[in-house]
Amino acid sequence: MSKPKQGFRYKELAGEIERKILDGTYRPGEKLLSIRKLHKQSNLSISTVYKAYVELETMGLVEARPKSGYFVNPVALQQLKVPVHKKQPPIPQKVSLSSMINSVVSAINNPGFLPLGNTAVDTELLPSKHFFRILKDLSLKDVKSMISYSLSEGDLELRRQLALRTLGVLKAITPEDIIITNGCTEAVALALLAISQPGDTIAIETPTNFSFLQLLKELGVLVMEVPTDPRHGVDIKELENVLRRNRIKACLFMPNFHNPLGAIMPNDNKRHLVRLLNRYEIPVIEDDISAELYFEEHRPIPLKAFDERDLVLTCSSFSKTLAAGLRIGWIIPGNRFKGKIQRLKAGMTVSTSTLNQYLVTRFLASGAYERHMRSLRTALKKQAIRTTLAVKEHFPPDTRLAVPRGGSFLWIQLNQKVDTVKVYRKALEHNISIIPGVVCSNSGQFKNYIQISYGAPFTPRMEQGIKTLGQLIFDAYDR
Ligand SMILES: Cc1ncc(COP(=O)(O)O)c(C=O)c1O
């Protein structure tokens, strides 16, 4: 491994101290080594050590006390316990959407609400100025070429840029292996349409992204909810039991920064899972939309990297990283399903918006993507820690949540006495949106869980919102 550039040493040092705070080596409230002592001990310059401490301070992990030095934040993140889920035996079920979903979606989209329920990344963190410049530089000739159809499989240069971005992640992906779609949603829908018929059973994780439940209902399929761990993703043993006893047509999983859990499957689990599904010849549709929002060193790899039977269909989009409204997503379907998916895409939407593909292609080709992603990841990580600290401080002490390793939201377990549908309704009265756990399941599970987002900058208004939410949760104990 090459040494980090001088300018990034402080980030590396901050990361090392952060890990020691989160794993409990440093205790809450403990004084850090003085800047001078750490400079001597580490051989790093005074300014590098100072910048590392300031970085930790902006994350909220340490605090500076005048004339005394830097101290670990006394609110202890390492004492947080990971949520636990009671397992329910999986059975195939028709999708019966929670009656709450419409209300939840309209609250998420209400611009007057504090967006704790909005899992999208705030536009403040997205490269709107860069898109504005690209639009301003368009010539009439460019515009003329953009008001006609694009190729049904998508613009070749965009697919080439995407193929280049799979280097080191997936082997031998060419532009011909990729189909551009209207967001990740269309990619998932095309995959389901290509593989399943109404009445088939699809294995999904529980909890799951509630918009999957909406889609699966419209497709008329049954769902089998497989218990999923907030740290390690889908329970492979449970899945194996399900496969042994049922005819499963396909799986729909989110192995990297699962929505709503934030779980990330370890590579060994991914390998094991794909091997199992390959053995049963069952296709798996993976939603990889949040994989690039990682807070550690490397991008987590998709299930497709382990696929030996051409049975993994990888779906993603730029909705979490660049611009949800441009609706640019893609699918890497593999050769088995590519022809069918291409025909479905052509038959249903002809092609994806030419102008929107152009904007994203120009952005990728400019080389700005990596820089943008570095700052987006840094901002999200700070927001994640700030939001987690605020939850720890303002929610009841028996609250459970896993400190996220990426993504843009927290999955929070509250005391069993708390009905989060009631908390959700009360929160709306305070103009705060949250996602109550019940909408993330087809079987009414997760009544005492909520999902909240840290996709927007952590402001005093945000902190006040979390404080108010904490109070509503305390009040719910007495009802
Ligand atoms: C896991 C997951 N998949 C898909 C989507 C929808 O993606 P798109 O806007 O690209 O259709 C979302 C949006 O929040 C999501 O969280």
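The model shown is predicted, which means the values in this text are computed figures rather than measured ones.

Novice: How would you sum up the overall build of the protein chain? Please name residues and give values.
Specialist: A count of helical and extended segments in the protein chain gives 17 helices and 15 strands. Against the compact-globule benchmark of 23 Å for 479 residues, the protein chain has a radius of gyration of 23 Å, which places it among compact chains. Projected onto the principal axes, the alpha-carbon positions of the protein chain cover approximately 70 × 60 × 45 Å. Buried residues in the protein chain amount to 54% of all 479 residues. Nonlocal contacts in the protein chain, meaning residues at least 24 apart in sequence, comprise 76% of its contacts between residues at least 6 apart. Summed over all atoms, the accessible surface of the protein chain reaches about 22,100 Å², with 51% contributed by carbon and sulfur. Across the protein chain, the centroid of the 66 positively charged side chains sits 3 Å from that of the 45 negatively charged ones.

Novice: Lay out the domain arrangement of the protein chain in plain terms, naming residues and giving numbers.
Specialist: Where the parts come together, the accessible area they lose is often given as the size of the interface. The assigned domain composition of the protein chain is domain 1 (6-77), domain 2 (79-86 + 96-124 + 375-478) and domain 3 (126-368). Between domain 2 and domain 3, the C-alpha centre-to-centre distance is 25 Å. With 37 residues of domain 2 at the interface, the matching set in domain 3 holds 27 residues. Buried surface at the junction of domain 2 and domain 3, summed over both partners, amounts to about 3,000 Å²; 63% is from carbon and sulfur atoms. Seen at the junction of domain 2 and domain 3, the total is 1 salt bridge. Residues glutamate 296 and arginine 405 are paired through a salt bridge, measuring 3.0 Å at the closest nitrogen-oxygen approach. On the surface where domain 2 and domain 3 come into contact, there are 11 residue pairs in polar contact (both at pLDDT 80 or more). Within the residue set of the side of domain 2 that touches domain 3, elements represented by two or more residues are α4 (101-108), α15 (368-394) and β13 (409-413).

Novice: Could you give an account of the side chain of histidine 258, naming the residues involved and the relevant values?
Specialist: Relative to the helices and strands, histidine 258 is located in the loop between β8 (250-253) and α11 (267-279). By relative accessible area, which is 0% here, histidine 258 ends up buried.

Novice: Tell me what's going on with the site of the ligand, and back it up with residues and numbers.
Specialist: Taken together, 13 residues surround the ligand, and among them Cys184, Thr185, Asp287, Ser317 and Ser319 come closest. Taking serine 317, its side chain carries an N or O atom lying 2.7 Å from an oxygen atom of the ligand. Arginine 327 places a polar side-chain atom, nitrogen or oxygen, 2.8 Å from an oxygen atom of the ligand. Contact with the protein chains hides 86% of the accessible area of the ligand, taken as 400 Å² for the molecule alone.

Novice: If you had to explain unusual backbone geometry to someone new, which residues and values would you point to?
Specialist: With an omega of 5°, the peptide bond between threonine 206 and proline 207 qualifies as cis. Here proline 207 is to be found in the loop between β5 (201-206) and α9 (210-218). Across the junction of asparagine 259 and proline 260, the peptide omega takes the value 15°, indicating a cis bond. Structurally, the position occupied by proline 260 is in the loop between β8 and α11. Notably, phenylalanine 257 is not glycine yet its phi reads approximately 55°, a positive angle.

Novice: Outline empty space enclosed by the protein, supporting the account with residue identities and numerical values.
Specialist: Counting across every chain of the model gives 3 cavities of 30 Å³ or more. As a volume, the largest cavity reaches approximately 220 Å³. Sorting the residues of the lining of the largest cavity by element identifies α7 (156-165), β10 (312-317) and β11 (328-332) as the ones contributing at least two each. Considering every element that reaches the lining of the largest cavity, the biggest residue donor is β10, with 3 residues. Residues that form the lining of the largest cavity fall into these classes: 9 nonpolar, 5 polar and 4 charged.

Quick notes on the rules
- Residues numbered from 1 in each chain as written.
- Predicted model: local features only at pLDDT ≥ 70, side-chain atom pairs only at ≥ 80, totals over all residues.
- Heavy atoms only, no water.
- Helix = DSSP H or I, 4+ residues; strand = E, 2+ residues; numbered from the N terminus.
- Rg over C-alpha atoms; globule rule 2.2 N^0.38 Å.
- Buried < 20%, exposed > 50% of the residue type's maximum accessible area, 1.4 Å probe, protein only.
- Contact = heavy atoms within 4.5 Å.
- Areas by Shrake-Rupley, 256 points an atom, 1.4 Å probe, with all protein chains shown as cover.
- Lys, Arg positive; Asp, Glu negative; His and termini not counted.
- Charge placed at Lys NZ, Arg CZ, Asp CG, Glu CD.
- Domains from an automatic or database assignment.
- Buried area = accessible area lost by both parts, 1.4 Å probe.
- Salt bridge = Lys/Arg side-chain N within 4 Å of Asp/Glu carboxyl O.
- Polar contact = N/O pair within 3.5 Å; in protein donor to acceptor, adjacent residues only side chain to side chain.
- Near = heavy atom within 4 Å.
- 1 Å grid on protein atoms, 1.4 Å probe; cavity = no way out; pocket = protein on both sides within 12 Å on 5 of 7 lines; lining within 4 Å.
- Points joined across faces, edges and corners; volume = space filled by probe spheres on them.
- Nonpolar A, V, L, I, M, F, W, Y, C, P; charged D, E, K, R; others polar.

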